[in-house]
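One-letter residues, chain by chain:
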Amino acid sequence: DKVGGPKVAKSPIEDQFEWFDPSPVIEMYKDKVYQFGYIVLFAAAFPIVPMLCLVSNTFDLRQRAMTLLTKNKRPEPFVAADIGTYQTILEILATLAIISNSLLIGLTSHGLYFYIPDLTQIDRIWAVVVLEHFLLLMKIVIGAVIPTEPAKAILTYSVQQERKDQQLALWDVAFEEE
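Residues numbered from 1 in each chain as written. Predicted model: local features only at pLDDT ≥ 70, side-chain atom pairs only at ≥ 80, totals over all residues. Heavy atoms only, no water.

A. Structural view of the overall build of the protein. For the protein, the count of helices and strands is 7 helices and 0 strands. Starting at the N terminus and ending at the C terminus, the protein contains elements arranged as α-α-α-α-α-α-α. Taken over C-alpha atoms, the radius of gyration comes to 27 Å for the protein, far larger than the 16 Å a tight globule of 178 residues would show. For the protein, the C-alpha atoms occupy an extent of roughly 90 × 65 × 25 Å along the three principal directions. Expressed as a percentage of its 178 residues, the buried residues of the protein come to 12%. Once local pairs closer than 6 in sequence are excluded, the contacts in the protein between residues at least 24 apart make up 70%. Working note: accessible area of the protein is about 15300 Å², and carbon and sulfur atoms make up 68% of it. Charged side chains of the protein number 15 positive and 21 negative; the gap between the two group centres comes to 12 Å. (Helix = DSSP H or I, 4+ residues; strand = E, 2+ residues; numbered from the N terminus. Rg over C-alpha atoms; globule rule 2.2 N^0.38 Å. Buried < 20%, exposed > 50% of the residue type's maximum accessible area, 1.4 Å probe, protein only. Contact = heavy atoms within 4.5 Å. Areas by Shrake-Rupley, 256 points an atom, 1.4 Å probe, with all protein chains shown as cover. Lys, Arg positive; Asp, Glu negative; His and termini not counted. Charge placed at Lys NZ, Arg CZ, Asp CG, Glu CD.)

B. View of the packing of helix α2 (residues 25-41) against helix α4 (residues 85-108). For the pair α2 and α4, interaxial distance at closest approach is 9 Å and the crossing angle is 10 degrees. On the basis of their axis angle, the class for α2 and α4 is roughly parallel. Side by side, α2 and α4 meet where I26, Y29, K30, V33, F36, G37, V40 and L41 of the first sit next to Y86, I89, L90, L93, A94, L96, A97, S100 and N101 of the second. When grouped by side-chain class, the residues that make up the contact of α2 with α4 number 13 nonpolar, 3 polar and 1 charged. (Axes fitted to C-alpha atoms, helices over the stretch in contact; angles between N-to-C directions. Parallel < 35°, antiparallel > 145°, perpendicular 65-115°, else oblique. Nonpolar A, V, L, I, M, F, W, Y, C, P; charged D, E, K, R; others polar.)

C. Seen up close, helix α6 (residues 121-145). When the terminal C-alpha atoms of α6 are compared, their 36 Å separation across 25 residues agrees well with the 36 Å that a helix rising 1.5 Å per residue should span. Those residues of α6 lying buried are R124, V128, E132 and L136. Buried positions along α6 lie against α4 and α5 (111-115). (Expected span 1.5 Å × (residues − 1).)

D. Representation of the side chain of Q35 within the structure. In this fold, Q35 is placed in helix α2. Under the relative-accessibility criterion, Q35 is labelled buried at 17%. In this structure Q35 touches C53, S56 and N57, once residues within four positions along its chain are discounted.

E. Looking closely at the packing of aromatic side chains. Inspection of every chain in the model, using the stated rule, returns 2 aromatic pairs. A centroid spacing of 5.9 Å and a plane angle of 40 degrees characterise the contact between Y29 and Y86, whose relative ring orientation is tilted. Here Y86 lies in helix α4 and Y29 lies in helix α2, a separation of 57 residues in the sequence. Relative accessible area serves as the criterion here: at 33%, Y29 is assigned to the partly exposed category. (Phe/Tyr/Trp six-rings, centres within 6.5 Å; stacked < 30°, edge-to-face > 60°.)

F. Structural view of the nonpolar core. Core analysis: the biggest nonpolar cluster contains 6 residues, these being V33, V40, L41, Y86, L93 and A97. Contributions of two or more residues to this core are made by α2 and α4. Those residues in contact with L41 that lie beyond four places of it in its chain are L93, L96, A97, S100 and N101. (Core = buried A, V, L, I, M, F, W, Y, C linked by side-chain atoms within 4.5 Å.)

Spelled out as structure tokens, the structure:
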């Protein structure tokens, strides 16, 4: 008792059409920013956390790659100039991490007393403030020294623009400057 006609096999493309839509990349950013916050804000209190996050991210990366390759549809291409608001959030977290870790290490650790035995509580607070300001200054200097765009990327972009302009000139296409 066969019902219906002959069965037709689906092509791989038809199979992939039934796969799930990929999760937005913004969700992955959110998770990683949370993790970054926990790592940098509490590194002095629980120093094993970065290693645990590395192991967790390794497994997560493999799992996401497998899901993307075998269960999800191909994501639509999306171009963005940067990571948006998350850049500001990461910079704020880094600044807060410098402050919190300086205070945590400076006020709860007894390492300063080992090197300077006759240190008063006020001197200790001043040492923490100086350390924190020094680290903030180093963050600013390093941020200013490291370029936001790599030199190779700038060179590649300028070469591509030059080629585009040459091709448009061959086709006698001119765009008005705004």
